[in-house]
Amino acid sequence: MSPALDLSVNVAGIHLKNPIIAASGTFGYGVEFEDVVELSKLGGFVVKGLSVEPMIGNPPPRLWETAAGMLNAIGLQNIGAQAFLEEKLPHLRQLKNIVVMANVFGYAREDYERTIEILNEGEGIAAYELNVSCPNTAHGGIQFGSDPRSLDEVVTTVKRVARRPLIVKLSPNVTSIAQMAYVAQESGADALSLVNTFVAMAIDPETRKPRIANVTAGLSGPAIKPIAVRMVYDAAHAVKIPVIGMGGISTAEDVIEFMLAGATAVQIGTASYWDPCATEKIVDGVEQWCKERHLTRIADLIGGMQLE
Ligand SMILES: Cc1cc2nc3c(=O)[nH]c(=O)nc-3n(C[C@H](O)[C@H](O)[C@H](O)COP(=O)(O)O)c2cc1C
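Keep in mind it's a predicted model, so treat the numbers as computed, not measured. (Residues numbered from 1 in each chain as written. Predicted model: local features only at pLDDT ≥ 70, side-chain atom pairs only at ≥ 80, totals over all residues. Heavy atoms only, no water.)

A. Structural detail: the overall build of the protein chain. Secondary structure assignment for the protein chain yields nine helices and 14 strands. Relative to the 2.2 N^0.38 estimate, which gives 19 Å for 308 residues, the radius of gyration of the protein chain is 18 Å and therefore close to what a compact globule would have. Its C-alpha atoms put the protein chain at 60 × 50 × 40 Å along the principal axes. In the protein chain, which comprises 308 residues, the share counted as buried stands at 56%. Within the protein chain, counting contacts between residues at least 6 apart in sequence, those at least 24 apart form 71% of the total. (Helix = DSSP H or I, 4+ residues; strand = E, 2+ residues; numbered from the N terminus. Rg over C-alpha atoms; globule rule 2.2 N^0.38 Å. Buried < 20%, exposed > 50% of the residue type's maximum accessible area, 1.4 Å probe, protein only. Contact = heavy atoms within 4.5 Å.)

B. Examining unusual backbone geometry more closely. Here the residue pair Pro 60 and Pro 61 is connected by a cis peptide bond, since its omega of -5° sits within 30 degrees of zero. Mapped onto the elements of the fold, Pro 61 is located in the loop between strand S4 (44-50) and strand S5 (63-66). Leu 194 connects to Val 195 through a cis peptide bond whose omega is 15°. Within the secondary structure, Val 195 is located in the loop between strand S10 (191-194) and strand S11 (198-200). Within the chain, Asn 97 stands out as a residue other than glycine whose phi angle is a positive 65°. In this fold, Asn 97 is placed in the loop between helix H1 (81-94) and strand S7 (100-104).

C. Spotlight on the packing of aromatic side chains. Enumeration over the complete set of coordinates arrives at three aromatic pairs. On the numbers, 4.1 Å between centres and 20° between planes, the contact of Phe 27 with Phe 33 is stacked. By the burial criterion, Phe 27 is buried, and Phe 33 matches it. Here the aromatic residues Phe 27, Phe 33 and Phe 45 are joined through ring pairs into a cluster of three or more. (Phe/Tyr/Trp six-rings, centres within 6.5 Å; stacked < 30°, edge-to-face > 60°.)

D. Representation of the site of the ligand in the model. Looking at the ligand, there are 25 residues lining it, with Ser 24, Lys 169, Gly 221, Gly 248 and Thr 270 nearest. Within the backbone of Ser 24, one N or O atom sits 2.7 Å away from an oxygen atom of the ligand. In the model, an oxygen atom of the ligand is placed 2.6 Å from a nitrogen or oxygen of the Thr 270 side chain. Listed by contribution, the elements that provide at least two residues to the shell around the ligand are S4 and strand S6 (69-72). Taken together, the residues of the shell around the ligand break down into eight nonpolar, 15 polar and two charged. (Near = heavy atom within 4 Å. Polar contact = N/O pair within 3.5 Å; in protein donor to acceptor, adjacent residues only side chain to side chain. Nonpolar A, V, L, I, M, F, W, Y, C, P; charged D, E, K, R; others polar.)

Read these as spatial facts, not as claims about activity.
Structure below.
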């Protein structure tokens, strides 16, 4: 009999049964996926970005499929933090053995602070993921995530009020991801997650109009994976806190690649758009991958890239 396989990892004190987390904005509030994904099989999931007030998001068209990727400019549509506590969380709390993380964004530091204060009152949230990196609204956070001083200010402010571990989600639209990772750590982040989407755009040659009403949008999916792997590698080498890697993951091998680059856990986003069961299938795939190689602890892979 082969030895038991331990797929668990620890991110900022949160025990995850495996390193696979569904990414914010691609998994609704979790409840929408209840009938297609066995939620308790996932390491966890991050709900759609929440703000103080509900938001309707950007006008359509908001999605466009590219070669090996997707453009989106949803514009952070959400029901608001209070409605999340009242309408979604009670149901999620009835589900056993799941890890729910709340993604948070704001227009100003005070918005992040207020949203966190509202969420502090809810039971059953494992961590906060601070979105300082959305490229799709005029003030959707990216200004915090692309300037070291603003990043420091928002993380320091939120850290003071957050009653749960704080994951800071970094923007890839920066010159030095290592610098931003370090700043987030020094300002109090308990973990980092990266990458959010890359600012991009597409134009219809016939109509000469932008494919996305917002004109610019965020690029995600397999097209960004190699850049995301490099950024996770750079960030993981710049900090001591755990890094959650994402960007184009769609297979078990992709998960392993991010872990070898230094990720403690990973998130799956766009893959759920073409296969709503992707997250669960990837958990199965990772387990099989490890078993075939007689691994006993997936955590041993973290940062394990061999140069020679
Ligand atoms: C339609 C859509 C909506 C998203 N909404 C959010 C969001 O609300 N908050 C956030 O932090 N990231 C959001 N993201 C970014 C994803 O969580 C993820 O960082 C990004 O898509 C890269 O991963 P992927 O290539 O696996 O999709 C969104 C992505 C997509 C495609």
